[in-house]
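# Chains, contacts and geometry: an overview
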Amino acid sequence: RDWLKSEECQKHLEFWKEQLKGNPPGVDLPTDFPRQANNGSSGAVVFHSIGTDLSNRLKGLAQNKGVTMFMLLLAAYKTLLHRYTHQQDVIVGSPMAGRNRMETEEMIGFFVNTLPLRTRVAPDMTFEELVMQVREVALAAYCHQDVPFDKLVEALQPERSLRGTPFIKVMFIYQNDMERVTLPGLEIEFLPAVTDTAKFDLTLWILDGGHDEGLLTGIEYNTSLFERSTIERFLQHYECLLHGIVSQPAERISDLPLLSEAERRHAVAEWVPPATEFPEGVCVHQWFEAMVDRFPENVAVTCGEKSFSYRELNDQANRLAHYLKARGVAPEVPVALHLERSLMMLVGILGVLKAGGAYVPMDPSCPAERIQFMLEDTKAPVILSQENLRGRLPELSATVVCLDSEWTTISAERADNPVNEASGDNVAYIIYTSGSTGKPKGVLVTHHNVARLLKQTEHWYHFNEQDVWTLFHSYTFDFSVWEIWGALLYGGRLVVVPYLVSRSPAEFYELLAREKVTVLNQTPSAFRQLIWAEETAPERMPLSLRYVIFGGEALELQSLKPWFDRHGNEKPLLVNMYGITETTVHVTFRIIKQADLTSGVGSVIGVPIPDLRICLLDEKLQPVPTGVPGEICVAGAGVARGYLNRPELTTQRFISDPWSNQPGLRLYRSGDLARYTAKGELEYLGRMDHQVKVRGFRVELGEIESALNSHPAIRESIVIAADGPGGSKRLIAYIVPTGNAPTLAEIRQHLLTKIPEYMVPAAFVPMEALPLTSNGKVDRRALPAADLQQTVSGQAHVAPRNPTETTLMDIWCQLLRRDSISIHENFFHLGGHSLLATQAIWRIAGTFQIELPVKVIFEAPTIAELAEAVSRAQPSQRTVIKRRRQETDGDEIMSRLSQLSDGDLKKILRTSKD
């Protein structure tokens, strides 16, 4: 105890404080089973022997470089951990034996202490550079090893959790059998006994038996995290890496081999595209015309009370096509569509395709600056719009055609099919996605890209003329391509969902039942709202669904439990389809079953569509081992032509396929991470760059930062995505002002002129400077937590003035995770969005027992305004909670009650008879 207080001990502590500053995370290995708060300590050991030839070559290399075998083998271990995790800050624990400095008259002896050995591991380093760094770190640690690890933790006060030892998740032990440490009556044996426990995620230990015996390696691992087969592969990769090191020690660590030749051949096995009966030259509108011939009187599309048969839709589109052709629209000519959801929107899309052109969808709610950019980028000579939207268009030389006010003129054109001048290789549409440079980028997708998507998925879905689809998504989101043509290329019926209905899960649920929809496409965020709408409906309405198809963002499987509990596995089938705009909507297919919820799998995305090929590659475009995250790279017939007017970006993302013998085959680098699990499942892991998904929309954080930095009072900014309510993503902006910081309301208004509202951050954090790492990059880990209690309007806080406003504020605070809200704050300015708005309306309707449509919160977005709407609302026939079954699980009741407000609970207690 006296020594721990001594000046010498304090010097040792200062060394470790410097070594471990920043509270570095441990090595976060990809696991086979979910990492939970406490995975327990069940363990097992796998052994693997390394022959004498490799062992002796390693010893020769160590001697040549002036390092010990411990240092060499630890550097190899850190290389493997880096390659598995992509982490550049790698901490490995190692036991160190030494004379106990805490000697007293009664105690003198020997002890084993754990040292956290922290090393920077960068992919561009050579192995020689890394082993020299490991040497320096190890020697420095030896000089300061006297501080017991538990005292070090006590002094540094790292963030504690039930997920393992602070700083250290993996260990490394090397023992030379010829140099066992022995004291009179005591032999220190580092190698763990074969037990059924594991203190760390992984412990790699190596016993060096000398020149004649080689190396014996073993891994003690936590069985609640890893499959045995994963650990066996890990040891094989370690040996393969050692072979590469002795052969090329000056090689960059990112280029050292991990895979055996057999694994490499399997990872890049030659892919042969399937034969298809569908002619490559056929255009989408020609396939549609074949359906018109087969089902002329079938209803093709409905919107509210209006509808078109296949014949009527084709005739209207033909008239528009002739009109457009006469005005110069031809193959490769872009035509902008600036239209609200309606039947005429479908006429516009088909009319452009039949004229040979490529349609460019533009959401009328987008900022004028963004629309102007897209029009200038495409140089679209014609814009299809409507009279009430014409004033929102910029002054350009393009011809504006209003389909409503000018339809009398257009309808005078012929109704026969125009002569087709386009081919399958011509562009069908240009959809713009967010761009990291601040400018959105247009993706060029051909007719063949779209047609083969439907053809190559027929064997899974068997779509037909009896199917009813919803056009739920904006036509600026490529999910709409699947929705539109999945219906119209098979004789089915497409239901155009009005925007406000798409924002109201209760009304959308009623629409699904009323229209007898059979194929539903949803982002997971939207489907969570639909699950709740069905659960809280006054009466359960029968659904006709055959399929629910997910896309647009990662799927959290546990969110599906209430749905499976009510509907089971078979009807409807739930399908997860990973996809990218640049590879034409969908890439993979995976049926989700109720058993998946208890299997421990993550966001599994299944197998590729037959005419596509997926490779998981590292930054050097080398295949990664099973279990190791790699970039999803896609080749095949779905890969789009590239980006409009962006040749450098096209060259960067659409590359020649290095693993194919087929000439001209391209590989699209998605920027998404995935891995193959031990069971062969393809699991989606998220983005590898600064791109995120916000309610299904692909958002480049760099585009938001560019918009922020264009404000004259902002010097620099950075935007991150944090977890928000209901599993959604919440955007947080950190800004450094040039002088006096602009008000948050001013910043928000500035952003709304440049980017869509879904890209506007929910919170803004002013800072004097952005924190930087040692290499000069922004240190995102050091950013402070956002203060979500800030007011956005810049006005003084006004408290509720009556019980209604008080109740509304309580509901808003729960949803927006705030302590208090001024009655004049705008719901959407506080970080609310359409999905949260629907939850607010449900809670308000249930609490006050009134009928309240979702559109009210858009029209009255403050508590003061909404309180007046509540006072005018009609009484409701709905109940907050209804009894769904005679026997209800008590835990489920408690879980549901814990999510309710005090007002809801009081109402239940007053009315419940259960």
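For the structure itself, consult the block above.
So, a few notes on the structure that sits alongside this text. Bear in mind that the values here come from a model prediction, so they are computed numbers and not experimental data.

## A few points about the overall build of the protein
For the protein, the helix and strand inventory stands at 29 helices and 37 strands. Counting across all 914 residues of the protein, residues that qualify as buried make up 57%. Pairs at least 24 residues apart make up 71% of the contacts formed inside the protein by residues separated by at least 6 positions. Of the accessible surface of the protein, which amounts to about 38,800 Å², a share of 50% is contributed by carbon and sulfur atoms.

## Side note on unusual backbone geometry
A cis amide bond, omega 0 degrees, links Lys571 with the succeeding residue Pro572. Tracing the sequence through the fold places Pro572 in the loop between helix H19 (561-567) and strand E21 (573-576). Although it is not a glycine, His462 adopts a positive phi angle of roughly 55 degrees. Relative to the helices and strands, His462 resides in the loop between helix H14 (458-461) and strand E17 (468-471). Notably, Thr584 is not glycine yet its phi reads approximately 65 degrees, a positive angle.

## Details of the packing of aromatic side chains
How two aromatic rings sit relative to each other is given by the distance of their centres and the angle of their planes. Considering all chains together, one arrives at 28 aromatic pairs under this definition. With centroids separated by 5.6 Å and ring planes inclined at 75 degrees, the aromatic side chains of Phe47 and Trp205 adopt a geometry described as edge-to-face. With a gap of 158 residues between them, Phe47 in strand E1 (residues 43-50) and Trp205 in strand E7 (residues 202-208) connect regions that are remote in the sequence. Between Tyr461 and Phe589, the aromatic rings sit 5.6 Å apart at their centres with planes inclined by 80 degrees, giving edge-to-face as the arrangement. In this pair, Tyr461 is assigned in helix H14 and Phe589 in strand E22 (residues 588-592), connecting sequence segments 128 residues apart. By relative accessible area, Tyr461 is classed as buried at 0%.

## A look at the packing of helix H3 (residues 69-85) against helix H6 (residues 228-247)
One can describe the packing of H3 onto H6 by two numbers: an axis separation of 10 Å at closest approach and a directional angle of 120 degrees. Between H3 and H6, the angle falls in the class oblique. Considering only the axes of H3 and H6, their crossing is right-handed. When H3 is examined against H6, the residues Leu73, Ala76, Tyr77, Thr79, Leu80, Leu81 and Tyr84 are found in contact with a partner set consisting of Arg233, Phe234, His237, Tyr238, Leu241, Leu242 and Ile245.

## Quick notes on the packing of helix H10 (residues 343-354) against helix H15 (residues 479-488)
Contact geometry of H10 with H15 gives a least axis separation of 13 Å together with a crossing angle of 80 degrees. With respect to H15, the element H10 is oriented roughly perpendicular. The residues of H15 that touch H10, namely those facing Leu346, Ile349, Leu350 and Leu353, are Ile484, Trp485 and Leu488. Of the residues in the contact of H10 with H15, the class split is seven nonpolar, no polar and no charged.

## Side note on the environment of Lys439
Among the structural elements, Lys439 can be located in the loop between strand E15 (427-433) and strand E16 (441-446). Lys439 sits in the partly exposed class, given a relative accessible area of 48%. For the pair Lys439 and Ser706, spaced 267 residues apart in sequence, the C-alpha to C-alpha distance is 8.7 Å. Setting aside anything within four residues of it in sequence, one finds Lys439 in contact with Phe373 and Arg646.

## Let's talk about H15
Among the ten residues that make up H15, ten are buried, leaving the element largely enclosed by the rest of the structure. Every buried residue belonging to H15 is among Phe479, Ser480, Val481, Trp482, Glu483, Ile484, Trp485, Gly486, Ala487 and Leu488, and all of these are buried.

Calculation notes
- Residues numbered from 1 in each chain as written.
- Predicted model: local features only at pLDDT ≥ 70, side-chain atom pairs only at ≥ 80, totals over all residues.
- Heavy atoms only, no water.
- Helix = DSSP H or I, 4+ residues; strand = E, 2+ residues; numbered from the N terminus.
- Buried < 20%, exposed > 50% of the residue type's maximum accessible area, 1.4 Å probe, protein only.
- Contact = heavy atoms within 4.5 Å.
- Areas by Shrake-Rupley, 256 points an atom, 1.4 Å probe, with all protein chains shown as cover.
- Phe/Tyr/Trp six-rings, centres within 6.5 Å; stacked < 30°, edge-to-face > 60°.
- Axes fitted to C-alpha atoms, helices over the stretch in contact; angles between N-to-C directions.
- Parallel < 35°, antiparallel > 145°, perpendicular 65-115°, else oblique.
- Left-handed = near helix turned anticlockwise from the far one by under 90°.
- Nonpolar A, V, L, I, M, F, W, Y, C, P; charged D, E, K, R; others polar.

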